[in-house]
Each structure stands twice: as structure tokens, then as C-alpha cells.
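If you want the building blocks of each chain, they are given just below.
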Amino acid sequence: MRDTPLSRFLNEFRRNKVATGAAVFVFVIVFIALIAPLVTPQDPYDLAHLVLRDARRPPGYVGTGGYTHWLGTDSQGRDLLSAIIYGLRISLQMGIIASGTAFVIGAVVGCAAAYIGGRFESLVMRIVDLQLSFPAILLAFVIAAILGQGRYQLILALIFAQYAYFARTAHGAAAAERQKDYVEAALSIPLSPWRVVLRHILPNSLPPLIVVATVQIASAISLEATLSFLGVGLPPTEPSLGMLIANGFQYLLSGRYWISIYPGLALIIFIVSLNLVGDQIRDQLNPRLRR
Amino acid sequence: MTDPVTTPATPLLEVTNLKTWFPSGRGEVKAVDGVSFSIAPGEVLGLVGESGSGKSITGFSIIGLIDEPGRIVEGSIKLEGRELVGLPSHELRAIRGKTISMVFQDPMMTLNPVLSIGTQIKLALEAHETFSSAEARERAIKALRQVRISDPERKVDFFPHQFSGGMRQRVAIAIALLHRPKLIICDEPTTALDVSIQAEILAEMKELVSELGTALIWISHDLAIVSSIADRVAVMKSGNIVEIGPALGVLTKPQHDYTRALLDALPSRAKPGELLLRGSGIADAAPPPRKSATANLPHLGSPYLVIDDVVKRFEKPAGLFRNLAIKSGLSQPLNVVHAVAGVSLTVKRGEVLGLVGESGSGKSTLGRMAAGITVPTSGTIGLNGQPVMSTGRAPKKITTRIQTIFQDPFASLNGRMRIGDIIAEGPLAHRLVSRAEAAVYVGQWLAAVGLDPSFSNRFPHQFSGGQRQRIAIARALAMQPDVIVCDEPVASLDVSIQAQIINLLIRLRAELDLSLVFISHDLSVVRHLCDRVAIMYQGRIVEEGEAAAIYADPQHAYTQRLLAAVPVLPQAAE
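Residues numbered from 1 in each chain as written. Chains lettered and ligands numbered in written order. Predicted model: local features only at pLDDT ≥ 70, side-chain atom pairs only at ≥ 80, totals over all residues.

Caption draft 1: Region of interest: the overall build of chain B. A tally of helices and strands in chain B yields 20 helices and 20 strands. Across its three principal axes, chain B shows a C-alpha extent of roughly 75 × 65 × 50 Å. Split into buried and exposed, the 574 residues of chain B put 45% on the buried side. For chain B, contacts bridging at least 24 residues in sequence account for 70% of all contacts bridging at least 6. (Helix = DSSP H or I, 4+ residues; strand = E, 2+ residues; numbered from the N terminus. Buried ≥ 20, exposed ≤ 12 C-beta atoms within 10 Å, placed from the backbone. Contact = placed C-beta atoms within 7 Å.)

Spelled out as C-alpha cells, the structure:
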């Protein structure tokens, strides 16, 4: 194998068995979510396929469709395994789109603030600090409540709640890079400020941002689930994991635990795996934690 | 001191076939690979070598400070006949600081910033003996007085940051001397210090060891320093001692090729301006022809870069409330530092001007203003009559005719770009070459600085320090400048690499009719390269003139002090 920074990074990553397992799990989930229509026994959105007689059946029940509902069915007779996979698909979409956009906005805002400095920097970073002083869930909830239900409204709310984390991190990294000789070398050529920010400062500020991104995708997914659970997130026609948990919530005390518990477990395991991967990446990219 | 030529029958320290290895991804790194030497009581041994030669690891092995996973795989270290290799750590601790102590390069790193000097000395005392508080304080004051720190009764309560670099190193030496050790290992103890402080510490150290009869291992990359303090010199190369003998003998009549190469690489041993013997290793290609117009350039020797009464003040940025207070006259601005306090200087076309000074003299700030990186507080800098920076609220550099080479080639190249892109970026942005020609153009410059043109798609981390500095030079030259500001371009390089870079600069400067502003603290390098020299002290130029004249007959008292402080190699007997 060639000795590139990437191959060294992967070799070190592989030494942590737990993180490697988590990474494999995340990839499998992402893969299954991508090909969901091909692997699920049922299309949970197709109301024509739902049979009300199969509603609230326990795990292992063989339904009218002739196949086994391994995780049981929900109150509308939906196969829970299919619903969870489709739910993960939606959650993942929301998490990646929201975090990705927040990443780009935050990185540009943070780097620009660090490069320009002065009043612009003070103003932008104080706004960011103000936002960081509120819990993300509160901000997202307020925005989602104002904008109303819907996919794009929810993405906007998530971006608004998350970009500040990226901006803060990018600003810290870029302010440190700004002082380094290679930036001065670029300025002494002279290169235009935009080029210096985008080609020199930004790429060198990426490692801490990547760490934040892995954690923020997980947090975007759990935010989305929370908002959907509370009823301000996605519409019921696109049941994400949060909505599934909310749907089963009312049956929890009547012994039909599976409607809520299995989507909840899927959510927890997925988020924990994402965080394990993120922690390992952080440990490897943070020189201060290196021995 | 003992007679350096004869080794007495009972050596203080005897190292035999020492091997200290470090496992790595690609097998063992044999940092020290079969080193043998001995030291008599009271003797000073200089351990000289370039980076990676194993000289520091040898020192660390003796004092038992090899970090895991490194280990001593073979050999013996005998202190007064007692074997140190394999000794349990608590027994090593009893020796460390008491019989053998160590002084490190950077005293800021080895002194604890949150404890007063007195407390740190007390802790070092209590590691081996018990003292009452009053006694310990008395001992601490005595120790500080011994290393010539004035007013020790008061300074004993100071914290490390209240001392200058030289004073901190004196404190570190005082701590090393506390228990009257028989051996002190000094690892580059003066490398981080200015020449004049270095000269003081060297002289004091010499006196102290002869007074106390302490043996010394002085680890250094600098042959001149070692020659001024050591009785015997050992030259190390890739984990081995290639030559060991009396200092005068090794440095005037070197037996080994490597020692000769090291000595030949020193600019102080060559005639000013000539190529250094061992530095001309790589055959360099001719640089590509200039494309920018040269018609309106003045003749060689006429004034070109004109710095007129330039001032740079640094103010600590004040917060909102203090700003209001300053505006209403209630408060003064905080910490105003005059880095450059009114400097006028003219660099002629084709000339090499040396800008010499110690740390804090403002030489780098002046250089960065000349290069258009830092905005002057007042004054003007013009290149051939044109300003270097635009005026207005946010001044920008508006010329490409003046370029910069930085000290640290590891920091000055963007690690995420291929070196071809690093070199081509500026010329492309300023349309000196078209995208189609860029690859050829980069290849020509790589060849001109002595690198293989096929290296252009590699990343900076794949190169050594000297190669990186060549890349940085190619980046500056690819902009086809007339002036290059070189800020300590060889200060962080080994002597042999330094010689190569100096040779490269001498050759390119002649071929391209470049003017250089050569900023350096190293007087011998400046002597070798520069036509004219300006000496800076506390933000001002105290003396300026032809290099030969200044070195032969310095007028200003500061220049005289500076030149006297430079350690000199013994001249070879004819």
C-alpha cells in the first residue's frame, strides 16, 4: 500500500476495533437505506398495501401479504422493519443535507470572519456565540414552529440550529492558520484574499470541521427525530423514525411495546455508531490527544 | 582542567558500544548505533553532529530518559564503574539530578511556568536531600548568585516568564548545578539564545566547570561553539562517532571526510561571495528566461528599493470600553511596542543587503514591511519609484517585483497543495504564464533550484528541510521578481544544507541580477553573502556600510559587542 496520509489514517483507524465495527455498521445502514425499495418486504408509504386487519401485530406474525413481520406491525398494519428502513432513509437524508449545508455556510462564515477580522469578525462571531448560548433543540423548534411542517422547512430549521457550531470551529481553526507562514507567503506573492481563504486557509482548517461534521450529522438526525416526535417535523405521509416512535407511544402502556421500541432502538444504535466513528476521527485528527 | 590528550585510567563515564533504537512502522530506527567514548572527571566533551545524527539521543540514553518505545538494545554506560544500563528506575532517579544532570535547549519548556524559581529550586533540592524552608531559600539564592543573576534575593520569587531567555537558561543551569553533579549534559543550551547572550553563557559555563571540576557533555550542531568550550570533540553521523579527539586537533586537522565536509560547509572558512566547497552537490539548470519587461529597470548599482522613514507600532487591540476611554482621554493605549522606530534604507539594484540584529531588533518586521506583508504605521516603501502597497483604509500589496523567502520551510509551504501548484499559483494568478505553459515553467524552476522536475506532483511532506527551502525559493523566483526579502532562510537548516542553499542564492542572484534583503542573526553567513550590511538594534539602524568595512572596523559600540560575541573556529595551522 502506498504511504499516503489517507492510508496512514485508515491504518490507524483500523486499530480501534469498536470504531471499526461502528463504521462498518454505519456503512451497512447507509447502504440498506439507499437500496430500501429493493430489500424491504413492503412499501410502507403505499396505502394500498396496508391491511388494517394486520395492525398492531407482535413480532414474528405472518400477515395477509404472506410474509413474516419480523418486528411486528404498527397501528395501520405497516410492517415495522420496512417502516424503520424507510425511516432511516429519511432521517439520513435530512441529517446529511442539513449538516452538509450547515458545514458549507459555517465554514465560509467562520473562515471569512477570521480572515477579515476587525468589526466584521466581532459582529459575526458574537451572533454565533449568541446562538450557541441557546440549546440547538430550542432554536430548531422555534424555526420549525414558525415555518410549519414540511421537509424543506425542517431542513432550514436544522441548518439554522447547526451552522453556528461549524462557524465557531472554522473560526478557531482559520484564526490559527491565518498566522502561519504559508498564508503570509501567499499574501506576499500577492494572491487575492478570496484565493487565500478558499485555497489555503479553508483546506487546512478542514480536519476539526470534519470531526464536528460527524458528530453534527448524528445530532441532526436526533434533532429531526425529536421535532418529528413532537409533531413539528415531517408530515405523517413521510414517517421518519421520530414519527414512528410517536405513533407507537400511545400503545406503549398497553403492552404493544414493539411499535415504539424498535424504531427507538434503531435510532439509538445508529446515533451511537455515528458518534463512535466521530470520536475516533477526532482522536486521530486532534494532535493534542496524540501520544 | 585535565590534559585533554591523555585519558586518565579511571574515567568518570564510560560508554561502550551503545545502541539505542526506536521501533517504527518500517523497522527499527537506529538512532544511536554503536557509540563508544569516555570522559575523565572535569573534562568537557563536545558532541557535534547534524540533526538526526543521534547526538541528543546519546545524551538522553546516559541520563536514562529514553521514551517508550525507544530502548537501549545493547552496550554499557558505566558511571564511576557502576553500570547504568538496566538499572531500575528508582535507582536511576537517585543518580539523575544528583550525579548527572541535564540542561535542555529551551528553558521555557523545562521550567514550570506556574511555580516561582525559588519553589522549583527547592523541589529540585528536596528530590535528593531534606531542607527546611529557610535553608532551601538560602540555597536557592546562593545557586542563583552562582550563575550571576543579579539581585538573587528578589529574583528568587520571580516566575519564569519574568526572566529573559538568557536568564531562564541561567536558572536552568543553576538547577543543574544544585547537587554539585559530577557530569552535566547540555543539549544545545545556547541555540535558542542571541549571540551576545550565548557568548556570556559560554564564558560563565567555562568558568563554573573549571571552578567546580564538573565534567560536561556539550551537545551542539555548531562547531565554533564547541571549539570554544570543549577539551575533546566527538563528531557524530547517523548514530556513530566518526571522529573523536582533542578539540584543536579535530577542528584544525580533521581526519575523517565527514568532519572535513562539515568544516568546509561553514561560510566563515570561505572567502566572502565564493561558492562553499561542499555545498555544490547538485548540478543546477539555468533558470527560464524572463518574460516580464526589463526595459524600464534601472542599471545595476542604482537605488532601487527605497525605504523612507518607516515606523511600525504594534498596539494591543483595546476593547470597546477602553476604546471609549482612550477617545475621551481617560486612558492611554495599552502596550504600544515600537518594533521599527524610523528606518530609512536604500537597496541598490543587484545588491545584497544584510539586515543583522538580535531577536526583537525589528529586523523581521522591517523585512515584512519591505515585502508588502505588514502595513507600516508611517513612512513609505517604494520599488523603482512605485509604492509597494496601495494606500487607503485596507492597504494591499500591488507589486509582484518583490518576493519573500521565509525561515521555516516546513511552515511556509501549504501542506495540502502539490508543489507544482504551489509554484504555479502566483504566476498563473498574475498571468505570467498561461495554463498550458505552467507545467513546463514549473519544471524549469524546479530544475533551476536543483530539484527533479518530475517532483512537481508531490506534496511538501515528502521533502526534506533543504529541499523544501529550494521549493520556497522556486516559488519566489517564479514570480520573476527583482528583489527578494530572505528572512533567516538558512537559520533552521543543518550546516551542509545551509551551504547548499547559500550556494544556490549566490548563483541565482548573479544569473538573475537579483537584489536580496538578507535578514539574519548569523554574522558569518551575512559576511559571506552580503555586499552591504545594516545593523539593527531596538528598532533602529545603528550602523550601515560596506560589509568588509563593518566587519574590519565596526564603529558603533553595539556592532563591536556583536562581532566580539561571535564564537570563532581555530584556524588551521598552515
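Caption draft 2: Spotlight on the overall build of chain A. Assigned secondary structure in chain A consists of eleven helices and two strands. When its helices and strands are written in sequence order, chain A yields α-α-α-β-β-α-α-α-α-α-α-α-α. With 291 residues in all, chain A has 45% of them scored as buried.

Caption draft 3: Local environment of helix α5 (residues 133-146) of chain B. Residue and element names in this part refer to chain B. Taking 1.5 Å per residue, 14 residues should reach 20 Å; α5 reaches 20 Å between its end C-alpha atoms and fits that length. Residues of α5 that are buried include every one of A136, A140, A143 and L144, and no others. For α5, the angular spread of the buried residues around the axis is 95°, confining them to a single face. Taken together, the buried residues of α5 touch α4 (117-126), α6 (152-155) and α7 (165-177). Positioned one or two residues after α5, R148 has a phi angle of 60°, which is positive. (Expected span 1.5 Å × (residues − 1). Arc of directions from axis to C-beta.)

Caption draft 4: Examining the sheet that holds strand β5 (residues 82-83) of chain B more closely. Residue and element names in this part refer to chain B. One open sheet holds the four strands; their spatial order is β2-β1-β4-β5, and the pairing between them is antiparallel. Looking at which strands have only one partner, the edges of the open sheet turn out to be β2 (27-39) and β5. As paired elements, strand β4 (residues 71-79) and β5 share two bridges and run antiparallel to each other. Each bridged residue has a counterpart across the sheet, and for L79 the counterpart in β5 is R82. (Pairing = 2+ DSSP bridges.)

Caption draft 5: Up close: the packing of helix α14 (residues 419-429) of chain B against helix α15 (residues 435-448) of chain B. Residue and element names in this part refer to chain B. At their nearest, the axes of α14 and α15 sit 9 Å apart, and the two run at 120° to each other. Comparing their axes, α15 and α14 come out oblique. Crossing angle aside, the handedness with which α14 passes α15 is right-handed. Only R435, A438, A439, Y441, V442 and W445 of α15 make contact with α14, whose side of the interface consists of G420, I423, A424, P427 and L428. Grouping the constituent residues of the contact of α14 with α15 by class yields nine nonpolar, one polar and one charged. (Axes fitted to C-alpha atoms, helices over the stretch in contact; angles between N-to-C directions. Parallel < 35°, antiparallel > 145°, perpendicular 65-115°, else oblique. Left-handed = near helix turned anticlockwise from the far one by under 90°. Nonpolar A, V, L, I, M, F, W, Y, C, P; charged D, E, K, R; others polar.)

Caption draft 6: How the structure looks around the interface of chain A and chain B. If you look at the interface, chain A gives 14 residues, while chain B gives 19 residues. Of all the secondary structure elements, the ones that give two or more residues to the side of chain A that touches chain B are α8 (181-188) and α9 (193-230) of chain A. With six residues, the single largest contributor to the side of chain A that touches chain B is α8(A). A class-by-class count of the residues in the side of chain A that touches chain B yields seven nonpolar, three polar and four charged.

Caption draft 7: Looking closely at the domain arrangement of chain B. What the domain assignment lists for chain B is domain 1 (1-99 + 183-264), domain 2 (107-178) and domain 3 (349-374 + 386-565). In this structure, domain 2 of chain B and domain 3 of chain B have C-alpha centres spaced 41 Å apart. (Domains from an automatic or database assignment.)

Caption draft 8: Just the environment of B:K19, in detail. Residues and elements named next belong to chain B. Its place among the elements puts K19 in strand β1 (residues 13-24). Take K19: there are 18 C-beta atoms within 10 Å of it, and that puts it in the partly exposed class. C-alpha separation for the pair K19 and E351, spaced 332 residues apart in sequence, amounts to 50 Å. Leaving out residues up to four positions away in the same chain, K19 has contacts with K30, V32, D33, G34, I72, V73, E74 and G75.

Caption draft 9: Just the sheet that holds strand β8 (residues 215-220) of chain B, in detail. All names here are of chain B. Here six strands make up an open sheet; going across it, the order is β6-β7-β8-β3-β9-β10 and the pairing mixed. This sheet does not close on itself; its edge strands, each paired only once, are β6 (100-103) and β10 (240-246). Going from strand to strand, the sheet's axes swing by 15° on average, the running direction of each strand aside. Sheet topology places β6 next to strand β7 (residues 183-187); four bridges connect them, and they run parallel. Within β7, the position partnered with V103 by the bridge is C186. The sheet contacts of helix α1 (residues 55-63) involve β3 (44-49), β6, β7, β8 and β9 (232-237), and relative to β7 the element is tilted by about 145°. The sheet strands contacting α7 are β6 and β7, and the helix crosses β6 at an angle near 175°.

Caption draft 10: Spatial organisation of unusual backbone geometry. Omega for the bond connecting A:I189 with A:P190 falls within 30 degrees of zero, at -5°, which places this linkage in the cis form. Even without being a glycine, B:N384 presents a positive backbone phi close to 55°. Examined against the element boundaries, B:N384 turns out to sit in the loop between β14 (378-383) and β15 (386-387). Phi at B:Q538 is positive, roughly 50°, even though this residue is not glycine.

Caption draft 11: Layout of the pairing of strand β18 (residues 515-520) of chain B. Residue and element names in this part refer to chain B. Within β18, six of the six residues are buried, which leaves it mostly tucked inside the rest of the structure. Side-chain alternation along β18 places S515, V517 and I519 on one buried face and L516, F518 and S520 on a second face that is also buried. Two strands pair when backbone bridges link them, and strand β13 (residues 352-356) and β18 are joined in this way by five bridges, in the parallel orientation. From the neighbouring strand, V352 faces β18, where its bridge partner is L516. At this point the chain moves from strand β17 (residues 483-487), through helix α17 (residues 495-512), to the parallel β18, and the crossover so formed is right-handed. (Right-handed = clockwise from strand over helix to strand, strands pointing away.)

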